[in-house]
Amino acid sequence: MNRRRILIGCGTIFVLLIICGAITTLFAPDGEEIVSRTEEEAVSENVSETEAEVASDEPSDTVQEPTAEPTATELPEETSTPEPTATAEPTATLEPTPEPIVFTGTGDDVLDFEKPNEGAVLVRVEGSATGNFVVTAVTDDGTPAELLVNVIGGYSGTRLLDANGLFESVRFEVMSNGEWTIEVLPLDAAPIATVPSTLEGNGDAVYRIDGEVDTANITGNQSGSGLLAINTYTPDALFPLDLPVNTIDSYEGTVALNGADYIAIQSNQQWTIELNE
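Residues numbered from 1 in each chain as written. Predicted model: local features only at pLDDT ≥ 70, side-chain atom pairs only at ≥ 80, totals over all residues. Heavy atoms only, no water.

## What to know about unusual backbone geometry
Stage number 1. Here the bond from V195 into P196 is cis, since omega is -5 degrees, no more than 30 degrees from zero.
Stage number 2. Considering the arrangement of structural elements, one finds P196 in the loop between β7 (192-194) and β8 (197-202).
Stage number 3. The backbone phi angle of D162 is positive, close to 65 degrees, even though this residue is not glycine.
Stage number 4. Owing to a relative accessible area of 4%, D162 belongs among the buried residues under this scheme.
Stage number 5. The phi dihedral of N258 is positive, around 55 degrees, even though this residue is not glycine.
Stage number 6. Considering the arrangement of structural elements, one finds N258 in the loop between β13 (251-256) and β14 (262-267).
Stage number 7. With relative accessibility at 59%, the residue N258 sits in the exposed group. (Helix = DSSP H or I, 4+ residues; strand = E, 2+ residues; numbered from the N terminus. Buried < 20%, exposed > 50% of the residue type's maximum accessible area, 1.4 Å probe, protein only.)

## What about the environment of E183?
Stage number 1. With respect to the element layout, E183 can be found in strand β6 (residues 179-185).
Stage number 2. Classification of E183 as buried rests on a relative accessible area of 19%.
Stage number 3. Between the C-alpha atom of E183 and that of I101, which follows or precedes it by 82 residues, the distance is 5.4 Å.
Stage number 4. Setting aside anything within four residues of it in sequence, one finds E183 in contact with P100, I101, V102, L122, V123 and R124. (Contact = heavy atoms within 4.5 Å.)

What follows is the structure in structure tokens.
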């Protein structure tokens, strides 16, 4: 009984071995084929990817249609900017010289006038009297401001009026037995005396000094009679009026004029003034 069981078991094992072998023979080629196919597919995929990469690196044969060329943007034309012209500096407007105030007459008279400017002015007088000839400037309250002319006989000369800054004359009082002419003029009407130069004259005169005058050599009143008075006038000075010479004797000397703007001579005789720098 035991022996039979052993035999049956061995036979069963044998049969199983045969079946396993058959199964191995039957399915082994197909398994290798599956493995081979899987490897081939992997290789194929790698090759495809490599070819795709190469293909992407190679320039494409496809010719792209050119896009429309950009149109040129028109630049604005350059306009020439005019260069600025130099603006002329305004020139100082010169005020016209006032017309002289002129009076003419015969005999005694009283003449009211208005000066062309405040302060000093020039008064030019001509007279042909045979007796006393007197011209006095007075203020609006009748105060005598300046005795301009006081001679016997004829007279011709120019005097400086209201240069002392104390008065403003508004009237002339004339005493004469002859004809006369009186003119009131601004200071700019005075003749110009350049520095250095020499002035010569006879009688009363006023000059406007052009240049920086330092001193003056003066001679006059050589007969030793009459009056020789030299006034200087500098409008902007603290003391505008100065009297460096005032004598009734014969005179010769040098005086300081200290940069004066005007020089006024009062004399009835010949005089000489040399202006020095």
